[in-house]
Amino acid sequence: MTTTPDTGATDQSPSLWLSFWAILRSNPLFRYLLRRLGLAVLALVGVIGVAFFLTSVLPGNPAVVRAGPLANEERIERYEREMGLDRPLVVQFADYVVHLAQGDLGESWSSRQPAQDELRARIPATVELGIVAFGLTLAISLPLGILAAVYQGTIIDWVIRLFATFGASVALFWLALIGIHLFYYEWDIAPPPLDRLTIGTEEPPSVTGLFTIDSLLAGDIKTCRDALNHLWLPAMTLALVVSAPMTKMIRSAMLETLDKDFIRTARAVGLPPRTIILVDALRSAFIPVLTTSGIVFGYLVAGNVIVERVFSWAGVGQYVWQALDANNLNAVRGFILLIAVVYIVLNLVIDLLYSLLDPRIRLN
Amino acid sequence: MDMTEPLLALENLSVTITDNRGQSKPILQGVSFEIYPNEVMGLVGESGSGKSMTALAIMGLLPRRAKPQSGHIWFNGHDLLTLSKREWYAVRGSQLAMIFQNPRAALNPLMRVGQQVARVVRLHQSLKKRAAYEKALDLLQQVGIPDSQTRARAYPHQLSGGMAQRVLIAMMLACQPRLLIADEPTTGLDVTIQAQIFELIKTIQAEFGTTLLLITHDLGVVSEVCQRVAVMQDGKIQEVATVGELFAHPQHPYTQHLMNTLLRVDRPTNSRA
Amino acid sequence: MKNHSVFLIVLLCTVLASGISSQVVLPATAQEEKPQIIIAYDGDIDHIELMQFRSVAAYDATANLYEPLITQTVVANDSGELVGQAEFEGAIAESWEVSEDGTVFTFHLRQDAKFADGTPITANDYKYTFDRAITGPGYLALLTPFMAIDTADQIQVIDDYTLQITTNRPAALTETILGFQVFGAISQATASANATEEDPWAEQYFHQNSNSSGPYVITEWNQGVEYVFEPNPNYWRGPEFFQNSATIFRVVPEASTREQLLRAGDVDVALGIPFSSLDALKQDSNIAIHAIPTTRIYHLGMNNNVAPFDDVRVRQAVSMAVPYDAIIENVLAGYGQQPKSPVSVGMEGYTDEYWSYDDGDLEAARALLETAGYGDGFEIDLTVPQEDQGRVDAATWIQAGLAEIGITVNINAVPTAQFSELLYSHELPFFIEQWYSWGNDPFYQLTFNLKCDAFPNYVNYCNPEVDALIDAGTFSRDPQERADLIRRAQQIIVEEAPWAFLYQPDLIIATRSNVTGLALFNDLTLRYAYLGKTE
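Everything in this summary refers to the structure shown in the same document. (Residues numbered from 1 in each chain as written. Chains lettered and ligands numbered in written order. Predicted model: local features only at pLDDT ≥ 70, side-chain atom pairs only at ≥ 80, totals over all residues. Heavy atoms only, no water.)

Now for the overall build of chain C. Summing up its helical and strand segments, chain C has 16 helices and 22 strands in all. Over its C-alpha trace chain C gives a radius of gyration of 26 Å, about what one expects of a compact globule, namely 24 Å for 535 residues. Referenced to the eigenvectors of the C-alpha coordinate spread, the extents of chain C come out at roughly 80 × 75 × 50 Å. Across the 535 residues of chain C, 59% fall into the buried class. Contacts in chain C between residues far apart in sequence, at least 24 positions, make up 70% of those at least 6 positions apart. As presented, chain C carries roughly 20000 Å² of accessible surface, and 49% of it is formed by carbon and sulfur atoms. If the 27 positive side-chain charges of chain C are averaged to one point and the 74 negative ones to another, these points end up 4 Å apart. (Helix = DSSP H or I, 4+ residues; strand = E, 2+ residues; numbered from the N terminus. Rg over C-alpha atoms; globule rule 2.2 N^0.38 Å. Buried < 20%, exposed > 50% of the residue type's maximum accessible area, 1.4 Å probe, protein only. Contact = heavy atoms within 4.5 Å. Areas by Shrake-Rupley, 256 points an atom, 1.4 Å probe, with all protein chains shown as cover. Lys, Arg positive; Asp, Glu negative; His and termini not counted. Charge placed at Lys NZ, Arg CZ, Asp CG, Glu CD.)

Counting from both sides, the interface comprises 25 residues of chain A and, opposite them, 29 residues of chain B. Across the chain A/chain B interface, buried area totals approximately 2300 Å², and carbon plus sulfur atoms make up 62% of it. It is Arg-264, Ala-268 and Val-269 of chain A in chain A that bury the most area against chain B; as a group they hold 25% of the surface buried on that side. Run the count over chain A and chain B and you get 1 salt bridge. With a shortest N-O distance of 2.6 Å, Asp-280 of chain A and Arg-119 of chain B are connected by a salt bridge. On inspection of chain A and its partner chain B, the count reaches 8 residue pairs in polar contact (both at pLDDT 80 or more). Mapped by element, the contributors of at least two residues to the side of chain A that touches chain B are α6 (115-150), α11 (261-268) and α12 (273-301) of chain A. The dominant element in the side of chain A that touches chain B, judged by the number of residues it contributes, is α12 of chain A, at 8 residues. Here the residues of the side of chain A that touches chain B sort into 13 nonpolar, 5 polar and 7 charged. (Buried area = accessible area lost by both parts, 1.4 Å probe. Salt bridge = Lys/Arg side-chain N within 4 Å of Asp/Glu carboxyl O. Polar contact = N/O pair within 3.5 Å; in protein donor to acceptor, adjacent residues only side chain to side chain. Nonpolar A, V, L, I, M, F, W, Y, C, P; charged D, E, K, R; others polar.)

A separate point is the arrangement of the chains. Ranked by contact count, the leading pair among the 2 pairs of chains in contact consists of chains A and C. In this assembly chain B lies apart from chain C, the nearest approach of their C-alpha atoms being 13 Å.

Before going further, it helps to examine the interface of chain C and chain A. Each side of the interface is counted separately: chain C has 60 residues, and chain A has 65 residues. In total, chain C and chain A occlude about 5500 Å² of area from one another, counting both sides; carbon and sulfur atoms represent 62% of this. In this assembly, chain C and chain A are joined by 1 salt bridge. For Glu-254 of chain C, the salt bridge identified is with Arg-309 of chain A, shortest N-O distance 3.4 Å. Counting the contacts that link chain C with chain A gives 13 residue pairs in polar contact (both at pLDDT 80 or more). For the side of chain C that touches chain A, the secondary-structure elements that each account for two or more residues are α1 (2-20), α6 (203-206), β10 (246-251), α7 (255-264) and α13 (416-424) of chain C. Ranked by residue count, the leading element in the side of chain C that touches chain A is α1 of chain C, at 8 residues. Looking at side-chain class alone, the side of chain C that touches chain A contains 29 nonpolar, 19 polar and 12 charged residues.

Right, let's talk about the pattern of salt bridges for a bit. All names here are of chain A. A complete count under the given rule lists 35 salt bridges over all chains for this structure. In this structure, the salt-bridge partner of Asp-157 is Arg-251, at a minimum N-O distance of 2.8 Å. You can see Asp-157 sitting in helix α7 (residues 155-169) and its partner Arg-251 sitting in helix α10 (residues 221-258), a full 94 residues away along the chain. Asp-157 gets classed as buried once you look at its relative accessible area, which sits at 1%. Judged by its relative accessible area of 14%, Arg-251 falls in the buried class. What emerges from the salt-bridge pattern is a single network uniting Arg-66, Glu-74, Arg-78, Glu-82 and Glu-107.

Time to look at unusual backbone geometry. Across the junction of Ala-307 of chain C and Pro-308 of chain C, the peptide omega takes the value 5 degrees, indicating a cis bond. For Pro-308 of chain C, the position within the fold is in the loop between β13 (297-302) and α9 (312-321). Here the phi dihedral of Asn-327 of chain A falls at roughly 55 degrees; this positive angle occurs in a residue that is not glycine. Here Asn-327 of chain A is to be found in the loop between α14 (316-325) and α15 (329-357). For Ala-333 of chain C, which is not glycine, the phi dihedral falls at a positive 50 degrees. Within the secondary structure, Ala-333 of chain C is located in the loop between α10 (324-330) and β14 (336-337).

All names here are of chain B. Pairing in this open sheet of 6 strands is mixed, and the strands run β6-β7-β8-β3-β9-β10 from one edge to the other. Only two strands of the sheet have a single neighbouring strand rather than two, namely β6 (96-99) and β10 (236-242). On average, each strand axis in the sheet is tilted by 20 degrees relative to the strand beside it, whichever way the strands run. Sheet topology places strand β9 (residues 228-233) next to β10; 6 bridges connect them, and they run antiparallel. Each bridged residue has a counterpart across the sheet, and for Gln-233 the counterpart in β10 is Lys-236. Of the strands in this sheet, β6 and β7 (179-183) touch helix α6 (residues 161-175), which is tilted by about 180 degrees from β6. (Pairing = 2+ DSSP bridges. Axes fitted to C-alpha atoms, helices over the stretch in contact; angles between N-to-C directions.)

Turning our eyes to something else, we now look at helix α12 (residues 389-403) of chain C. All names here are of chain C. Here α12 is 15 residues long and its end C-alpha atoms lie 21 Å apart, about the 21 Å a rise of 1.5 Å per residue gives. Among all positions of α12, only Arg-391, Val-392, Ala-394, Ala-395, Ile-398, Gly-401 and Leu-402 are buried. The opening residue of α12, the one whose side-chain oxygen lies 3.1 Å from the backbone nitrogen of Gly-390, is Asp-388. (Expected span 1.5 Å × (residues − 1).)

Residue and element names in this part refer to chain B. The strand order across the open sheet built from 4 strands is β2-β1-β4-β5, with neighbouring strands paired in antiparallel fashion. Pairing within the sheet leaves two strands with one partner each, and these edge strands are β2 (24-35) and β5 (78-79). Where strand β4 (residues 66-75) and β5 come together, 2 bridges link them in antiparallel fashion. The partner of Phe-75 across the bridge, within β5, is His-78. Along the sheet, helix α1 (residues 51-59) makes contact with β1 (8-18), β2 and β4, crossing β2 at roughly 70 degrees.

In this structure, the second largest pocket encloses a volume near 1600 Å³. Lining the second largest pocket we find 42 residues, and of these Arg-267 of chain A together with Leu-62, Pro-63, Arg-64 and Lys-85 of chain B sit closest to its centre. Those elements giving two or more residues to the lining of the second largest pocket turn out to be α10, α11 and α12 of chain A together with α1, β4 and α2 (85-91) of chain B. Split by residue class, the lining of the second largest pocket holds 23 nonpolar, 7 polar and 12 charged. (1 Å grid on protein atoms, 1.4 Å probe; cavity = no way out; pocket = protein on both sides within 12 Å on 5 of 7 lines; lining within 4 Å. Points joined across faces, edges and corners; volume = space filled by probe spheres on them.)

With that settled, consider the packing of aromatic side chains. All names here are of chain C. As enumerated under the stated definition, the model contains 44 aromatic pairs over all chains in all. Ring geometry for Tyr-216 against Phe-229: centres 6.4 Å apart, planes inclined by 75 degrees, an arrangement best described as edge-to-face. Remark: Phe-229 occurs in strand β9 (residues 226-231) and Tyr-216 occurs in strand β8 (residues 216-222); sequence separation between them is 13 residues. Residues Trp-355 and Phe-501 carry aromatic rings whose centres are separated by 6.3 Å and whose planes lie at 50 degrees to one another, so their mutual orientation is tilted. (Phe/Tyr/Trp six-rings, centres within 6.5 Å; stacked < 30°, edge-to-face > 60°.)

Residue and element names in this part refer to chain A. Where nonpolar side chains cluster on the molecular surface, the patch consists of Leu-147, Tyr-151, Ile-155, Ile-156, Trp-158, Val-159 and Leu-162 and spans about 690 Å² of accessible area. Here the nonpolar patch takes 5 residues from α7, the largest share from any one element. Tracing the backbone through its elements, the reader meets Trp-158 in helix α7. (Patch = residues over 30% accessible without salt bridge, like charges linked within 9 Å, V, L, I, M, F, W, Y side chains within 5 Å.)

Attention shifts here to the packing of α6 of chain A against α15 of chain A. Residues and elements named next belong to chain A. With their axes 9 Å apart at the nearest point, α6 and α15 run at an angle of 50 degrees to one another. In terms of orientation, α6 and α15 fall into the oblique class. Crossing of α6 against α15: the hand is right-handed. Between α6 and α15, the contacting residues are Ala-115, Leu-119 and Ile-123 on the first element and Asn-330, Ala-331, Gly-334, Phe-335 and Leu-338 on the second. Residues belonging to the contact of α6 with α15 are distributed by class as follows: 6 nonpolar, 2 polar and no charged. (Parallel < 35°, antiparallel > 145°, perpendicular 65-115°, else oblique. Left-handed = near helix turned anticlockwise from the far one by under 90°.)

This part takes up the environment of Ile-263 of chain A. Residue and element names in this part refer to chain A. As for its placement among the helices and strands, Ile-263 is situated in helix α11. When its relative accessible area of 1% is taken as the criterion, Ile-263 is described as buried. Separated by 17 residues in the primary sequence, Ile-263 and Asp-280 place their C-alpha atoms 7.0 Å from one another. Excluding residues that lie within four positions of it along the chain, Ile-263 makes contacts with Thr-257, Leu-258, Ile-276, Asp-280 and Ala-281.

Distances and angles like these do not, on their own, reveal function.
Here's what the structure looks like:
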């Protein structure tokens, strides 16, 4: 067997890769992430299929919507051809998947713009509102849930549970309107419920798309304040409603934890109640709370149609609402995919957080 | 028996518990006994007899639904039942401490055991963080944990039950309490480990002069470790006697019954050597 | 954990404090005297391609971006609104002549008229625009027949500033249709520069861009949020024509929010205010409610091909039993009128003299059903689009009214998209539909709705005599002849009752009371340039 210098070199690099791969594979975190990624891809494929076929059977013909009231058969047929609706559904699906693989969600049939561009333009508004609302939710429900658990059975517990029941039964729409009426119209401490910035304010140069952060990055405190000013009322509205289940959840998780043996130990050795509640109990209670938090956070960043409508907040919730109304299927499908991705990522993050918070949980 | 002032005296203690439907029933009725400094007192009875409730009452850790109705718990000249929440935190740990059955569940599952011991050290011995940790390692070594440096970094679920109980004992040592209550400290541990734990408790008791209230259903252990013993049934003390008296002449029919049932269990005698 | 809770509390305080801090104020524009006008729209602009169907709000946008050859004159009515008239004046065309027989139109274009990019607007651009309308992808080929124009070569460029349009025959609506915003000038140069092989008419470009020939240009395009319309510096009427320095289009989807914004004075004009809110808003002296009667007509469609509505007596009985007054009183809160013919009230030639279905004549209705063989009544689904609350409410009144004569009505409210699809199948037996004629002309209205082969004739009404009357009127330029024709057409149609004529709601525009110059043409779009403010 004759060897050329060439084969020696090419021999080496795959073995290098292989050993690199072997090292990676031996890392449990990497193996875990790899498997989760595989599962995520499977889940996404399922979502794509279900989203496509479910939206396809929605009543209404998008070509009819495009034709408008001055329609006739010939024009409707032409639009069906243009929009590819005249092809068998399976062919449409194959075409959709091929485009999707290239990052193309298809045309938004209302505006004739790429659906992914429109969604991308709407996501930051929803995410920013969702994050602030989530922060407020925690700020409300953590202390309340803890207080209710610690003072179980007292008037404090009773009042907090009343709040939670109220929050669970109040209509979001009504609460948003009341909020606007009081804070904007009557007391003038909230800005006009018109999207994210005061009319005439320049958007900060886009980095994250979140105006609060982008304006700070640009060193523009005034715009940041304006953005916060527009955020707090819609975020508070969402937070008040979402806090109700969160508070209940935190309360019961805390109650359960406070009954645990190790809490009794902590008390038996004389640790101060603040340490016991905030360090021992809360950290343990966080594990069930984390799951609820994931659902709540997902709900908040998936775009809330009601709050977005009432505050003229141009987020994905409103976008998909309009898209549904107009039979704008590519936009609806894109939204569903987005939500699927959000939940898949959230689940992964939560699982990783579990393993960070709880040494008993191993990633495999 | 040294008949000085008792360290702890229960006087006619009655406790009732209220169930979900608001009906209350007594769980302790007129419990009275004393514990003297430096002695090891046993509290025996079948499960449900009120042993653990008595201990929790002494610690001020009764469950929410259980309420003392009458009586006194004298400790150091104070009635513990009259202490405020704030005062309790000065007493627990430094004066009274307690270890529990099921030691792994009694440790915080989310915290490394060394940290758990160290923060008790800091609390009671006002040391800096680093020094407290060093001290905690010492204590872990003292309670017979080999390679304490490494074990201190373990989480409770990574320890055996015996190791976990040693960690708990180390925590109690960090408190340096005047009275230590041990509630079935070896339940669920296998027999060789049980013997080791009792050996440890005995050693510590001898070394630190801690007064010990040992709760158990195991009369064998009582005969081994305790000087005096109280027998409980249905929330009442049936008999208080020295170990010698009790085993020689059990006064109460219930004690006799207990001896018959509990001693019938074959115990490997070599484990108590 | 402790640190985290501190962080959250700080966050909470920051957010709350920021809400209480002073609001950001627009930089003062001292040098500009003309005010900005902010309009709260109930819908968004989907696209601004002039020749494709688009959202209601988008028609407002294009009305201010494209300038036709001629335009409606406006006259102030009693309440101060400027209303488009049937007379026309030159827009990009300075003057025009019509041949004796009404078939040759010669337009003389202004030599100073320019597109927003500064290039002159010439006859070639209009030629291109008409080519695009007739042979291009949009729907305008459905309108050119009203001008008796079939082919693009009927539009001739005489020279750069002279355009000649020759129609096949005299047509009543030639000027009207030419004045539509959708025949506004598109720059041929811009179109060619942006055309591609698969998009020869540069539709993709014009979906979001325009080289404006009209009064405004869009300087900010933020879909779903805001569009800023600023005066087109090259607009032929010049800067003094504009009563505002900019018109800001804000998307405000929720009606209650629009009301609050208007009350607080943060917007000047609010569209899409529900009738039920008007009483309360009227109490506010800073708010003016403009209720403008329109010719938009809602009708109860009865499919002439489907039993039992294939029997004229059933249709007549239904027409008798509908509680018209109650619908206008309750559904429209009184802001509307009842048409008594398929021609809307307010249109040229409208007459109520053939109306014989007086409110509450239930005995006659029952008798008709009896003779038609439905003495025991029947059961029928009434289909309405669920998003239109007015139609859903009207349906319940119709349900109650028809119950009186033994007809059991089941209301079938479906999503709008599905409603359209069902309508377009021409098989829906019983539904509420509406129509608005940009032409504001009875023949235009009937052509679309009740001619045998018209696509929007969803009731499949067919009467050759009516078809002939409609055609004759469409292609007559003699007012007296047209008046006679439409009278006869109304007589037949009212008698044959393919529709029960329900209501014509007023167009409601709420403004701050200092807002002036609400100007509406036949297309009911707002012409921004007239909007101003008094102090």
